[in-house]
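Results of the structural survey
If you want the building blocks of each chain, they are given just below.
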Amino acid sequence: MCSSLMLDIRKSNPDYMTFFVDGTAYSLLQCLQNKEALTMPQSVERLRDRPLWWHTFDMSRNLLFPFAGFLGILAYILSDHYTRFDILLFVVFFLATGIGATVGFHRLFSHRAFKAKPWLRITLAVLGSFAWQRPLFAWVVRHRLHHAHTDQKGDFHSPYIRYDGTPITGTLNQFLHAHYTWLHWYDPIIDPQSPLIKDLYADSSLRWIDRHYDFLTVMSLLIPGMLSVLYYGTAEGFVRGVVWGGLGRIFISLQLIWLVSSVTHMFGKKPYVTNDGSTNNHFLGWLVMGEGYHNNHHAFPSSPCVGFDKGQFDLGWLFIKAMWKLGQAYDLKAIPEARRRQFRKSSHHQPSGSLSTTP
Ligand SMILES: [Zn+2]
Ligand SMILES: [Zn+2]
């Protein structure tokens, strides 16, 4: 679906041929403009060494409290005690924070798939923080290393291997590690001088947003809570806002984005040649704004459009394209059609729970 849209961009950007993405980690090296970046030792913290209270707190914040919010949504629905405003609040915050994470944290900041005006960069960074996926800089470093060492030692959330190189066996263990438990194993230590992050660290607004992540997560609950109070004019309105636009929404969006790390590295089609276990999942492609076409993404990581094949729906790309038409996004990186054909192979299903590195 993106072909004709890409054509528009090419017409207005005669230099698009310089924006090759080539299906290997080399595109990331080009993106970082520093070939040493990926061979440098990355400082990491072994989260396993943190005290039990930290793991309890982190699990409460990322899993238990959002799950309580999700149960709240179910309770409102089952008791037929919800309104169109509740649903609107959920949808608006789900879409806005999803765009912040997928378009902002992922395609703009991690991959530099396009450039954006300052107000848009800041908005996407704030909305991405509202998605509760940990602070911006750690997200970007972790993700750039995920592409550099996909499904190998040095990948934080591969189903097949831990960051330290320990293999993971058994389909359930593999799924759980890539989906959630990796959050309790290792995390990068941010070095402002590292080529993996110094491009973003130079931006003082992004430094502020990264440093105030905890504050922003609280705001992501207070804002829907206060909007709901304004609408209902009651104290119960605050609870409804936190449940629908806050915790319940966070539970669903976190589970969906985690499924991209787990399911689309284990199950599904693999239409493009990549040296990893990435796959495409149509269901997640639709629900996670194009991110479920993860094999497409690993083949062409710097492309602003992920769902670029026939029948694929990429809401993140539609947002980027709209911003480009409005002159707020620019320098979009296009994939020449010949390049896409070169990396395409006949579709087949990836065997469940295994990792094939052969084309
Ligand atoms: Zn991946
Ligand atoms: Zn990526």
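Quick caveat: nothing in here was measured; it's all calculated off a predicted structure.

A look at the overall build of the protein chain
Looking only at helices and strands, the protein chain features 15 helices and six strands. Residues classed as buried in the protein chain amount to 47% of the 359 residues present. Sequence-distant contacts, at least 24 apart, represent 67% of the contacts inside the protein chain between residues at least 6 apart.

Concerning helix α7 (residues 171-179)
Every buried residue of α7 is accounted for by Gln 174, Phe 175, His 177 and Ala 178. For α7, the arc enclosing every buried residue in end-on projection is 165°, short of the 170-degree limit, so these residues lie on one face. Looking at the packing, one finds that the buried side of α7 touches α11 (235-262).

Some remarks on the packing of helix α3 (residues 52-78) against α11
Between α3 and α11, the least distance of the axes is 7 Å, while the angle of their chain directions is 120°. Crossing hand, α3 versus α11: left-handed. Contact residues: Asn 62, Phe 65, Pro 66, Phe 67, Ala 68, Gly 69, Phe 70, Gly 72 and Ile 73 in α3; Val 243, Trp 244, Gly 246, Leu 247, Gly 248, Ile 250, Phe 251, Ile 252 and Leu 254 in α11. Considering only residue class, the contact of α3 with α11 consists of 13 nonpolar, five polar and no charged.

Notes on the confidence of the model for the protein chain
Looking at the protein chain, the pLDDT average stands at 86 and 85% of residues meet or exceed 70. When the criterion is pLDDT under 50, residues 347-359 qualifies, and its contacts beyond four places in sequence or with other chains add up to 22 contacts.

Some words on the nonpolar core
The biggest cluster of nonpolar side chains holds 73 residues, and the ones touching the most others in it are Leu 108, Phe 114, Leu 136, Val 140 and Ile 320. With 10 residues, the top contributor of residues to this core is helix α4 (residues 84-110). Filtering out sequence-adjacent residues up to four positions away, Phe 114 remains in contact with Leu 108, Pro 304, Ile 320, Ala 329, Tyr 330, Asp 331, Leu 332 and Lys 333.

A word on the packing of helix α5 (residues 118-129) against helix α9 (residues 204-211)
Relative orientation and spacing of two packed helices are given, respectively, by the angle between their axes and the distance between those axes. Look at α5 against α9: their axes get within 10 Å of each other, and the N-to-C directions meet at 10°. Taken together, the axes of α5 and α9 lie roughly parallel to each other. Contacts between α5 and α9 involve Ile 122, Ala 125, Val 126 and Ser 129 from the first element and Ser 205, Leu 206 and Ile 209 from the second. Its residues assigned to classes, the contact of α5 with α9 shows five nonpolar, two polar and no charged.

A closer look at unusual backbone geometry
Although it is not a glycine, Asp 80 adopts a positive phi angle of roughly 55°. Examined against the element boundaries, Asp 80 turns out to sit in the loop between α3 and α4. Backbone geometry at Arg 134 places phi at a positive 75°, although glycine is not the residue there. Here Arg 134 is to be found in the loop between α5 and α6 (136-148). Residue classification places Arg 134 among the partly exposed positions, given that 17 C-beta atoms sit within 10 Å.

With respect to α3
In this model, α3 (27 residues) spans 36 Å end to end at C-alpha, consistent with the 39 Å of a helix rising 1.5 Å per residue. Maximum bend of α3: about 50°, positioned at Ser 60. Every buried residue of α3 is listed here: Asn 62, Pro 66, Gly 69 and Ile 73. Residues of α3 that are buried make contact with α11. Phi for Asp 80, located one or two positions after α3, is positive at around 55°.

Structural notes on the environment of Ile 190
Inspection of the secondary structure puts Ile 190 in the loop between β3 (186-188) and α8 (198-201). Beyond its immediate stretch of four places on either side in the chain, Ile 190 contacts Phe 137, Ala 138, Val 141 and Ile 197.

Some words on the environment of Ile 122
Along the polypeptide, Ile 122 turns up in helix α5. Counting along the chain gives 84 residues from Ile 122 to Leu 206, while the straight-line C-alpha distance between them is 7.0 Å.

Description of the environment of Ile 99
The residue Ile 99 is located in helix α4 in this model. As for Ile 99 and Val 288, which are separated by 189 residues in sequence, their C-alpha atoms are 9.2 Å apart. The contacts of Ile 99, once residues within four sequence positions are left out, are Leu 127, Met 289, Gly 316 and Phe 319.

The rules we used
- Residues numbered from 1 in each chain as written.
- Chains lettered and ligands numbered in written order.
- Predicted model: local features only at pLDDT ≥ 70, side-chain atom pairs only at ≥ 80, totals over all residues.
- Helix = DSSP H or I, 4+ residues; strand = E, 2+ residues; numbered from the N terminus.
- Buried ≥ 20, exposed ≤ 12 C-beta atoms within 10 Å, placed from the backbone.
- Contact = placed C-beta atoms within 7 Å.
- Arc of directions from axis to C-beta.
- Axes fitted to C-alpha atoms, helices over the stretch in contact; angles between N-to-C directions.
- Left-handed = near helix turned anticlockwise from the far one by under 90°.
- Nonpolar A, V, L, I, M, F, W, Y, C, P; charged D, E, K, R; others polar.
- pLDDT = per-residue confidence, 0-100.
- Core = buried A, V, L, I, M, F, W, Y, C linked by C-beta atoms within 7 Å.
- Parallel < 35°, antiparallel > 145°, perpendicular 65-115°, else oblique.
- Expected span 1.5 Å × (residues − 1).
- Bend = angle between axes of the 7 residues up to and from the residue.

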